[in-house]
Amino acid sequence: MATSPSDPLTREVVELIGTVVARYYAEYEQAAAEHALTGAQARVLGLLTLEPVPMRKIAQKLKCEPSNVTGIIDRLESRGLVERRPDPADRRVKLAAPTPEGLDTAGRLRDSLDFAREPLGRLTADERALLRDLLKRMLGEDAG
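1. Let's talk about the pattern of salt bridges
If charged atoms from side chains of opposite charge come close, those side chains can pair. Counting across every chain of the model gives seven salt bridges. D74 is paired through a salt bridge with R84; the nearest N and O atoms lie 2.6 Å apart. Of the two residues, D74 is situated in helix α4 (residues 66-78) and R84 in strand β2 (residues 82-87); the sequence distance between them amounts to 10 residues. With relative accessibility at 38%, the residue D74 sits in the partly exposed group. Under the relative-accessibility criterion, R84 is labelled partly exposed at 26%.

What follows is the structure, given as structure tokens:
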């Protein structure tokens, strides 16, 4: 059964999601500032901890202009948190990769984000799994 945006339950859920997102971003910005980073710098650093990434792909993931990413990488590089490397698959492409200090900073930043820990701690493991699966379904990802 389809829902309409004017359905009171749908409106309430949308408002609650908005509240969760706003709280997450506020805490993320505060945690980033405590590590002398902007929110964008912290997001890029976190993204790079997964794997070295071409600058173009960072811009796509963050939905921003490549020139913005270049500036962010320049600032992270000047602090010794990130380095540029040639892509082994295509030496014309530069990858951004975290330095050991960048990995350490990203880990400390991640550990300082406790926005969701307390509220999620009130849910059982089954409830957290259900919430994860519902969020994945909302995003069009396989909940399996």
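Moving on from the model shown.
2. With respect to helix α3 (residues 55-62)
Looking only at α3, the buried set comprises M55, I58 and A59. Burial along α3 is one-sided: seen end-on, the buried residues are contained in an arc of 100 degrees. Turned more than 90 degrees away from the buried face of α3 sit R56, Q60 and K61, all of them exposed. As for α3, its buried residues are in contact with α2 (39-48), β1 (53-54), α4, β2 and β3 (90-98). Where α3 ends, the next residue or the one after it, K63, has phi of about 55 degrees, a positive value.

3. Remarks on the packing of aromatic side chains
As enumerated under the stated definition, the model contains two aromatic pairs in all. With 5.7 Å between their ring centres and 75 degrees between their planes, Y24 and Y25 make a pair best called edge-to-face. Residue Y24 is classed as partly exposed on the basis of its relative accessible area of 35%. Overall, the relative accessible area of 41% leaves Y25 in the partly exposed class. When the ring of Y24 is compared with that of Y28, the centres are 5.6 Å apart and the planes differ by 35 degrees; the resulting orientation is tilted. With Y24 and Y28 both in helix α1 (residues 8-34) and four residues apart, this pair spans about one turn of that helix. Y28 gets classed as buried once you look at its relative accessible area, which sits at 8%. Three or more aromatic residues link up through ring pairs in this structure, and these residues are Y24, Y25 and Y28.

4. Things to note about the sheet that holds β1
Across the sheet, three strands lie side by side as β1-β3-β2; this open sheet has antiparallel pairing. Sheet topology places β1 and β2 at the edges, where each strand pairs with a single neighbour. When β2 meets β3, the two strands line up antiparallel, connected through six bridges. Counted as the bridge partner of R84 is A96 from β3.

5. Structural notes on the packing of α3 against α4
Relative to each other, α3 and α4 sit at 110 degrees, their axes nearing to 9 Å. For the element pair α3 / α4, the angle class is roughly perpendicular. Considering only the axes of α3 and α4, their crossing is right-handed. On the side of α3, the interface is formed by M55, I58 and A59, while α4 contributes P66, V69, T70 and I73. Here the contact of α3 with α4 is built from residues that sort into six nonpolar, one polar and no charged.

Rules used in this analysis
All residue numbers here refer to positions counted from 1 along the written sequence of the relevant chain. Thresholds applied to this predicted model are a pLDDT of at least 70 for local features of residues and 80 or more for the giving and counting of side-chain atom pairs; totals over whole chains, interfaces and linings are not thresholded and use all residues. The side-chain values count all of the structure's non-hydrogen atoms but skip hydrogen atoms and water molecules. Take a side-chain nitrogen of Lys or Arg and a carboxyl oxygen of Asp or Glu: if they are within 4 Å of each other, that pair is a salt bridge. Helix numbering and strand numbering both begin at the N terminus, where a helix is a DSSP run of H or I of at least 4 residues and a strand a DSSP run of E of at least 2. Think of it in three bands: residues with accessible area under 20% of the maximum for their type are buried, residues over 50% are exposed, and the middle band is partly exposed, with areas taken using a 1.4 Å probe on protein chains only. Comment: arc refers to directions from the helix axis out to C-beta atoms. Throughout, a residue-residue contact means that at least one pair of heavy atoms, one from each residue, lies within 4.5 Å. Between the rings of Phe, Tyr and Trp (Trp by its six-membered ring), a pair exists once the centres lie within 6.5 Å; its type follows the angle of the planes, with under 30 degrees stacked, over 60 edge-to-face, and the other angles tilted. One bridge is not enough; two strands pair if DSSP finds at least two bridges between them. For helices, the fitted axis covers only the stretch in contact; all axes are lines through C-alpha atoms, and the angles between them, taken along N-to-C directions, range from 0 to 180 degrees. Should an angle fall under 35 degrees it is taken as roughly parallel, and over 145 as roughly antiparallel, whereas 65 to 115 is taken as roughly perpendicular and any remaining angle as oblique. Definitions for this section: a left-handed crossing has its near helix turned counterclockwise from the far helix by less than a right angle. A right-handed crossing has that turn clockwise. Each residue is assigned to one of three groups, with Ala, Val, Leu, Ile, Met, Phe, Trp, Tyr, Cys and Pro labelled nonpolar, Asp, Glu, Lys and Arg labelled charged, and all others, Gly among them, labelled polar.

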